[in-house]
Amino acid sequence: MNSLPKRIIKETQRLMSEPAPGIVATPATDNLRYFKVTITGPAESPFEKGFFHLELFLTDEYPMSPPKVRFLTKIYHPNIDKLGRICLDILKDKWSPALQIRTVLLSIQALLSAPNPDDPLANDVAEHWKSNEKDAIKKAREWTELYAASSE
Amino acid sequence: MDDNMLAQLVDLGFDITVAQLALEQTNGKGLDAAIEFIYSFSEPSKLSSQKSNSNVTPTPTPPSSQQEPSGIRRSNSKNKSTSFEPISPQVTHKVLKTSRKSVKESVDSNVSYEDNDTSLEYNDTDEDYDEDYYQDVDDYEFDIPIHDALPKSNTVIQASDIIHTALKEIEKISSITETTPSAATILLQHFQWNGNKLLERFYEDPERVITQAGIKKINEFHTGKNLSDDCMICGDSLDDSNGCYLSCKHYACKECWANYLRIKIQEGESIGICCLGFKCPNVVPDEFINRVIPENYNKFLERLAQTYVEKNPNMRWCPTPNCGNALKAESQAETTAQCSCGFRICFKCNQESHVPADCAQMKTWKKKCEDDSETANWINVNTQDCPKCQSAIEKNGGCNHMTCKKCKHEFCWVCLGNWIGHNKCNTYNREENSNKSDTKKQLERYLFYFHRYNTHEQSKKFETKLRTDAVNSMIDFQNRKDKRWIDVKYIEQSTEVLIQCRRTLKYTYVFGFYLPDGPEKNLFEYLQNDLERTTEKLSGLLEKMNESNSMDVKEITNLASTKLHHLLSGVEEGFLGH
Ligand SMILES: [Zn+2]
Ligand SMILES: [Zn+2]
Ligand SMILES: [Zn+2]
Ligand SMILES: [Zn+2]
Ligand SMILES: [Zn+2]
Ligand SMILES: [Zn+2]
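Just so you know, the residues in each chain are numbered from 1, in the order the chain's sequence is written. Just so you know, chain letters begin at A and ligand numbers begin at 1, following the order they were written in. Under the rules for a predicted model, residues below a pLDDT of 70 receive no local features and side-chain atom pairs below 80 are neither given nor counted, while totals for whole chains, interfaces and linings still include all residues. For the side-chain quantities, the full set of heavy atoms in the structure was used; hydrogens and water were omitted.

1. Here we look at the sheet that holds strand S1 (residues 156–157) of chain B
Residue and element names in this part refer to chain B.
Next up, step 1: Only strands that DSSP links by at least two bridges are regarded as paired with each other. Where helices and strands are cited, they refer to DSSP runs of H or I of at least four residues and of E of at least two residues respectively, numbered from the N terminus. Read across the sheet, 3 strands follow the order S1-S6-S5 without closing on themselves; strand pairing throughout is antiparallel. Looking at the sheet topology across the chains shown, the edges are occupied by S1 and strand S5 (315–317).
Next up, step 2: Here S5 pairs with strand S6 (residues 326–328) via 3 bridges, running antiparallel. Opposite Arg316, over in S6, you have Leu327 as the bridge partner.

Written out as structure tokens, the structure is:
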């Protein structure tokens, strides 16, 4: 493996020393490009009180290419599919090397507060969200209780 | 005299004096007879015999200059946009003059050809040649009308000149608008490389034009000096040697900029790459890109050439494989342009120029040819048996007037009929096939047209080679002293006319296929047949071009050019007038 770029070291140091509220990101001991992430469900969202585990990987091209991020915890959300993949523009064509791990994770947190069924990844969930938002939110809450109860 | 017929003849592009004469001479036997008369008159061979009995056949009075203007050539006046390959409007008139001059006079015409060549060059370089020019020339015994049919040099941009032309355009806009070259490029892209329109709008409201083109700020770029921040990408500290930033001050090191730009270019962005700051709208100037990644410069130029041609609605790549030239329509009204490689393109459908057929007809026709490709397969042969002695004859030239090497029988390659008295080869005979079933009739009719369409295409291929040889011999000529430049030049021009006739003939069979029966079609087929005969004659002459037949080549080239013009203007104006 290439030696770790100065930027990744700096970012990691900052993530540890001044963590963003509701976000914990820890690099794996054997691979400093691989992060275990936990995002706490934002208040007043159907994901409130849930602990959502994600994995984040910085490829060799980072920061020229976006990090690869995926939910490990099951979640009922129109922009996140069964495999945990996330539909977020900055993770694709809107990526800029000026963005950082921190900004990416904050954006994902924001996506939990404001699902966007008009730009869906999970079509059936989005359909549900659009046709009966109340019912969809109820189901998202159930899933949160069911799958996202553990902080570990 | 029938005024109606007279009007029709004039509409067809004949000189009024000649038309009057023809009607008188044919004693009201009808339009066809009158046209036949005019044509036989302009045929050089008949001409000389007519000359010898000039007391019997009166020579038509040359049209005087007072008779010329207004009405006569109204159909060809330049304010009417024509979709045809440009052929001199004066063609009819000139050729009749030429014929009268006859071969005898042409012997001492060395000087006049020199003169013509000067005019040729004058016209080539004269971009907006106008009516006045014609008026001047009209007073001379000017007998090479074909120059108008030749591609104008300013419609072709040679592959090696494209980048240069694009850069020149950028430089011009950049200096007038006082913007950086990259901003000028973006502006030009925004206006589809229409520099005049750009400047017009720019003078009205420069701010607005710049915003609309997506240039938020015209970027200067800076390197090094007083950078306290680290590179926002790699985190390395910046110093005078590696720091770069645009006016937005998103600091990064040279290496990170280079990485970033390489990725963007790989992803296919070429012009208008934004700064690496998140959502920063500042466009990275080309000068900056070339500074940061110098090895990219050639690719950058390639892409520039590509966008220059492809974003410009008046430009196309020449579709000939390995040609690489770009073709430019001279104006919005112009729908075709010709490449120096000989290919002529239709700007509307990007296929070979297909006058007189229109794009829609071509689409239907091509579809039909695809559907029936198996049935038509047999047509693609270059060997047939002599209809008289049955020995196999291979065709290795464009001319369809065949002579059997063995028995000297002359026949038509297309219909295998005897060449002597050969006529109406182009007319599908409905009656002859009337006892067949409808499907069979339809198929035979299609094959009749396809066969001719295909034969002309095959001939064109052979003749394109003739043209290439002519061009090569022009290059060769510079090392030789036994030929005069003008003679060699003339061969090139004649082959050019020949190819134009071929191409047009090819597509007349598409046009004819969709033209309903009736008097209009009869006249069309008359002119088509006429052009076909002259074309075969020209082709035959050019195949065995030598010193002794060069005058004939010149005559027949003029004639072919005239007939091409008659046919095309007939199609455009409608054959029977409206
Ligand atoms: Zn910027
Ligand atoms: Zn850097
Ligand atoms: Zn070409
Ligand atoms: Zn077309
Ligand atoms: Zn024979
Ligand atoms: Zn024939």
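2. Re the nonpolar core
Next up, step 1: The definition of a nonpolar core used throughout is a set of buried Ala, Val, Leu, Ile, Met, Phe, Trp, Tyr and Cys residues joined through side-chain atoms within 4.5 Å. We call a residue buried when its accessible area falls under 20% of the maximum for its residue type, exposed when it is over 50%, and partly exposed in between, using a 1.4 Å probe and counting protein chains only. Ranked by internal contacts, the top residues of the largest apolar core, which has 56 residues, are Leu9, Ile35, Trp365, Tyr453 and Leu538 of chain B.
Next up, step 2: Secondary-structure elements contributing two or more residues to this core are helix H1 (3–11), helix H2 (16–26), helix H3 (31–42), helix H15 (359–371), helix H16 (438–477), helix H17 (485–514), helix H18 (519–543) and helix H19 (550–573) of chain B.
Next up, step 3: Tallying contributions element by element places H17 of chain B first for this core, with 10 residues.
Next up, step 4: Residues contacting Tyr453 of chain B, with those up to four places away along its chain left out, are Met362, Trp365, Lys366, Lys506, Tyr507, Tyr509 and Val510 of chain B.
Next up, step 5: In this structure, Ala20, Ile108, Trp129 and Trp143 of chain A belong to the second largest nonpolar core, which totals 38 residues. Contacts are residue-level and defined by heavy atoms, with any inter-residue pair within 4.5 Å sufficient.

3. A look at the packing of aromatic side chains
Next up, step 1: Ring geometry is summarised as follows: Phe, Tyr and Trp rings, the Trp one being its six-membered ring, pair when their centres sit within 6.5 Å, and such pairs are stacked at plane angles under 30 degrees, edge-to-face over 60 and tilted between the two. Summed over the entire model, instances satisfying the criterion amount to 25 aromatic pairs over all chains.
Next up, step 2: Considering the side-chain rings of Trp143 of chain A and Tyr147 of chain A, the 5.4 Å spacing of their centres and the 80° angle between planes classify their relative orientation as edge-to-face. On the criterion of helical spacing, the pair formed by Trp143 of chain A and Tyr147 of chain A is a turn pair, its members being 4 residues apart in helix H4 (residues 133–147).
Next up, step 3: One aromatic cluster in this structure is built from Trp365, Tyr428, Tyr446, Phe448, Tyr449, Phe450, Tyr453, Tyr507, Tyr509, Phe513 and Tyr514 of chain B.
Next up, step 4: Looking at Lys368 of chain B, its charged tip hangs above the ring of Tyr446 of chain B, at a distance of 4.7 Å from the centre.
Next up, step 5: By the criterion adopted, a ring carries a charge over it if an Arg CZ or a Lys NZ lies within 6 Å of its centre and within 35 degrees of its normal. For the cation-ring pair, Arg445 of chain B lies above Phe513 of chain B, with the distance from its terminal atom to the ring centre recorded as 4.7 Å.

4. So, the UniProt feature "active site" (unreviewed entry) in chain A
Residue and element names in this part refer to chain A.
Next up, step 1: UniProt positions are given in the numbering used here, feature names are shortened, and annotations may be inferred rather than shown by experiment. UniProt marks Cys87 with the feature "active site" (unreviewed entry), using the numbering shown here.
Next up, step 2: Here Cys87 is to be found in the loop between strand S4 (68–71) and helix H2 (101–113).
Next up, step 3: Residues in contact with Cys87, not counting those within four places in the same chain, are Asn79, Lys92, Leu111, Asp119 and Leu121.

5. A short note on the environment of Ala148 of chain A
All names here are of chain A.
Next up, step 1: You can see Ala148 is positioned in the segment after H4.
Next up, step 2: In this structure Ala148 comes out as buried when scored by relative accessible area, which is 1%.
Next up, step 3: When the C-alpha atoms of Ala148 and Phe52 are compared, they prove to be 5.9 Å apart, with 96 residues separating the residues in sequence.
Next up, step 4: Not counting residues within four places of it along the chain, the set of residues in contact with Ala148 comprises Lys49, Gly50, Phe51, Phe52, Thr73 and Trp143.

6. Section: the coordination of the zinc ion (ligand 5)
All names here are of chain B.
Next up, step 1: In the first shell of the zinc ion (ligand 5), the protein supplies Cys386 (SG), Cys389 (SG), Cys404 (SG) and Cys407 (SG), at 2.3 to 2.4 Å from the metal.
Next up, step 2: Sites may look incomplete because water is not among the atoms; the donors themselves are N, O and S atoms within 2.8 Å of the metal, or within 3.2 Å for Na, K and Ca. Metal sites are grouped by the angles between bound donors: all angles between 85 and 135 degrees with four donors is tetrahedral, opposite donors over 155 degrees apart with the others between 65 and 115 is square planar for four donors and octahedral for six, and any other pattern is irregular. One can describe the site at the zinc ion (ligand 5) as tetrahedral: its 4 donor atoms subtend angles covering 103 to 114° at the metal.
Next up, step 3: Written as a sequence motif, the donor arrangement for the zinc ion (ligand 5) is C-x2-C-x14-C-x2-C. Residue Cys389 is found in the loop between strand S9 (383–385) and strand S10 (392–394), and its partner Cys404 is found in the loop between strand S11 (401–403) and strand S12 (410–412); the two are separated by 15 residues along the sequence.

7. What about unusual backbone geometry?
Next up, step 1: Looking along the chain, the bond that leaves Tyr62 of chain A and enters Pro63 of chain A is cis, with omega of 10°.
Next up, step 2: Examined against the element boundaries, Pro63 of chain A turns out to sit in the loop between strand S3 (51–57) and S4.
Next up, step 3: Here the bond from Val355 of chain B into Pro356 of chain B is cis, since omega is 10°, no more than 30 degrees from zero.
Next up, step 4: Considering the arrangement of structural elements, one finds Pro356 of chain B in the loop between strand S8 (344–346) and H15.
Next up, step 5: One non-glycine residue with positive phi stands out, namely Lys49 of chain A, at about 75°.
Next up, step 6: Summarising the element assignment, Lys49 of chain A is placed in the loop between strand S2 (34–40) and S3.
Next up, step 7: Of the residues examined, Lys49 of chain A reaches a relative accessible area of 69% and is grouped as exposed.

8. Examining the interface of chain A and chain B
Next up, step 1: Taken together, the 11 residues of chain A in the interface contact 14 residues of chain B.
Next up, step 2: Between chain A and chain B, roughly 1,100 Å² of surface is buried when both sides are summed, and carbon and sulfur atoms account for 65% of that area.
Next up, step 3: Counted as salt bridges are all cases of a side-chain nitrogen of Lys or Arg within 4 Å of a carboxyl oxygen of Asp or Glu. Along the contact surface separating chain A from chain B lie 1 salt bridge.
Next up, step 4: Between Asp230 of chain B and Lys10 of chain A there is a salt bridge; the shortest N-O distance is 2.5 Å.
Next up, step 5: In protein, a polar contact means a hydrogen-donor-capable atom and an acceptor-capable atom, both N or O and within 3.5 Å, with residues adjacent in sequence counting only if both atoms are side-chain atoms; elsewhere, any N or O pair within 3.5 Å suffices. For the pair chain A and chain B, the interface holds 7 residue pairs in polar contact (both at pLDDT 80 or more).
Next up, step 6: Amino acid classes used here: Ala, Val, Leu, Ile, Met, Phe, Trp, Tyr, Cys and Pro are nonpolar; Asp, Glu, Lys and Arg are charged; the rest, including Gly, are polar. Grouping the amino acids of the side of chain A that touches chain B by side-chain chemistry returns 6 nonpolar, 1 polar and 4 charged. The term buried area refers to how much accessible surface (probe radius 1.4 Å) is lost by two components on association, counted for both of them together.

9. Re the packing of H18 of chain B against H19 of chain B
Residues and elements named next belong to chain B.
Next up, step 1: Axis angles are defined between N-to-C directions and span 0 to 180 degrees, where every axis is a line fitted to C-alpha atoms and, for a helix, only to the segment in contact. Interhelical geometry of H18 versus H19 gives an angle of 155° and a closest axis separation of 9 Å. What the angle tells us is that H18 and H19 run roughly antiparallel. Considering the relative orientation of H18 and H19, their crossing is left-handed. Judged by residue contacts, Phe524, Leu527, Gln528, Asp530, Leu531, Thr534, Lys537, Leu538, Leu541 and Leu542 of H18 engage Asp552, Val553, Ile556, Thr557, Leu559, Ala560, Lys563, Leu564, His566, Leu567 and Val571 from H19.
Next up, step 2: For the contact of H18 with H19, the class distribution of residues is 13 nonpolar, 4 polar and 4 charged. Each angle is binned into one of four classes, with values under 35 degrees roughly parallel, values over 145 roughly antiparallel, values of 65 to 115 roughly perpendicular, and all other values oblique. Working rule for handedness: look at the near helix, and if it is turned counterclockwise from the far one by less than a right angle, call the crossing left-handed; if clockwise, right-handed.

10. Considerations on the sheet that holds S2 of chain A
Residues and elements named next belong to chain A.
Next up, step 1: Read from one edge of the open sheet, 4 strands run S1-S2-S3-S4, paired in antiparallel fashion. Both edges of this open sheet fall to strand S1 (23–27) and S4, since each of them pairs with a single strand only. Within the sheet, the average angular offset between the axes of one strand and its neighbour, ignoring direction, is 20°.
Next up, step 2: Direction of pairing for S3 relative to S4: antiparallel, over a ladder of 4 bridges.

11. Some points on the environment of Leu538 of chain B
All names here are of chain B.
Next up, step 1: Mapping Leu538 onto the fold places it in helix H18.
Next up, step 2: Residue Leu538 is classed as buried on the basis of its relative accessible area of 0%.
Next up, step 3: For the pair Leu538 and Ile556, spaced 18 residues apart in sequence, the C-alpha to C-alpha distance is 5.9 Å.
Next up, step 4: With residues near it in sequence (within four places) discarded, Leu538 still touches Ser494, Val497, Leu498, Val553, Ile556, Thr557 and Ala560.

12. Let's talk about the coordination of the zinc ion (ligand 4)
Residue and element names in this part refer to chain B.
Next up, step 1: Taken together, Cys346 (SG), Cys349 (SG), His354 (NE2) and Cys359 (SG) make up the protein donors of the zinc ion (ligand 4), found 2.0 to 2.3 Å from the metal.
Next up, step 2: The site at the zinc ion (ligand 4) holds 4 donor atoms, and with the angles between them running 105 to 118°, its shape is tetrahedral.
Next up, step 3: Residue class for Cys359 comes out partly exposed when judged on its relative accessible area of 22%.

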